[in-house]
Amino acid sequence: NYTVSNWPFADFDPVGVFCLDGEFEIDGVFLLDDYQKPVVFMEVNIRMHNGLNGLLPPEFGYLEDCRKIMLENHISLTGPLPETMGNMSSLYSVALLFNGLGGELPSSLFRLKNLNTIHIQENFGKCWSLPSTVEGIDDTQLERLVLENSFVGNIPSWIAKLQQLQTLDLSKNKFEGPIPEAMGDLSSLKYLSLMGNNLTETIPSSLGKLDAMEVLILGSNALQGELPASIGNLRKLQLFDVGSNELTSTVPSSFENLESLKYLVLESNRFNGTVD
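Residues numbered from 1 in each chain as written. Predicted model: local features only at pLDDT ≥ 70, side-chain atom pairs only at ≥ 80, totals over all residues. Heavy atoms only, no water.

## Structural notes on the pairing of strand 7 (residues 93-101)
And then number 1: For strand 7, the tally of buried residues reaches 8 of 9 residues, placing the bulk of the element in the interior.
And then number 2: Sheet topology places strand 6 (residues 66-79) next to strand 7; 8 bridges connect them, and they run parallel. Looking at strand 7, one finds that lysine 68 is bridged to serine 93.
And then number 3: Pairing of strand 7 with strand 9 (residues 117-121) involves 5 bridges; the strand directions are parallel. Across the sheet, residue alanine 95 finds its bridge partner in strand 9, namely histidine 119. (Buried < 20%, exposed > 50% of the residue type's maximum accessible area, 1.4 Å probe, protein only. Helix = DSSP H or I, 4+ residues; strand = E, 2+ residues; numbered from the N terminus. Pairing = 2+ DSSP bridges.)

In structure tokens, the structure reads:
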């Protein structure tokens, strides 16, 4: 029987594999912790450069009892995430920072029922993209989706089906096209940042339905038209940033209803009139 201290498999960072009490069986061999107790959950936390390189193999997705994945500072770790990650039914969070990874995120990742957080930032591989369609995500528990990593293409409307989302940060990417009207269906959303993309067309009035919204950042895009009066319905909104766009007309009188607003950024647009 293996313990954390005598785990014999190659150069796996022993500091980066955490095992919690329970039952965990690999081909009939029980994995035990240092107290000789069987373990049920694994947490892969490998944040120091240790020579990892190449593609993540499909077998990575068969760690069905893995609860957390944190891969950081592995420039030679390349390619997309394997579609088999949809088998990781216990997965709670994924964080990929400063690696060489890239490509289309597997749709199966978004169907995981226990997944709470996806954080992908500053990877240096090929451009990332979101799948064009994802089915079977109506009852998922994803609350935090942070993608700041040269994602390309349009923002897909299926994101609006992630009804538990509280934080959606798609800033500093290369998304283009309109903001989906369906995003107004994200009733739990408190933080939305689309800053620093190539988004065009108008700001959808449906965003005024996001009653829980506290921070709304749409700056540094190419958004056009008028500010929707419906934004004035967001009574919990504390920060609203639409700076550095191509917006016109005046600030709607409904903004007087933004009783929680502390910061309003309108600079570098084509507004006229005054803000009282």
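Now that the structure has been shown, we can carry on.
## Remarks on the pairing of strand 12 (residues 151-154)
Each regular strand carries side chains that alternate between the two faces of the sheet.
And then number 1: Two strands pair when backbone bridges link them, and strand 10 (residues 128-129) and strand 12 are joined in this way by 2 bridges, in the parallel orientation. From the neighbouring strand, serine 129 faces strand 12, where its bridge partner is valine 152.
And then number 2: Pairing of strand 12 with strand 14 (residues 174-177), which is carried by 3 bridges, proceeds in the parallel orientation. Looking across to strand 14, one finds that glycine 153 is bridged to phenylalanine 175.

## Some thoughts on the sheet that holds strand 20 (residues 246-249)
Two orientations exist for strands paired in a sheet by backbone hydrogen bonds: parallel and antiparallel.
And then number 1: Spatially, the 3 strands line up as an open sheet ordered 18-20-22, and their pairing is parallel. Lying at the two open borders of the sheet, with one neighbouring strand each, are strand 18 (224-225) and strand 22 (270-271).
And then number 2: Across 2 bridges, the pairing between strand 20 and strand 22 is parallel. Residue threonine 248 lies in a different strand from strand 22, and its bridge partner there is arginine 270.

Read these as spatial facts, not as claims about activity.
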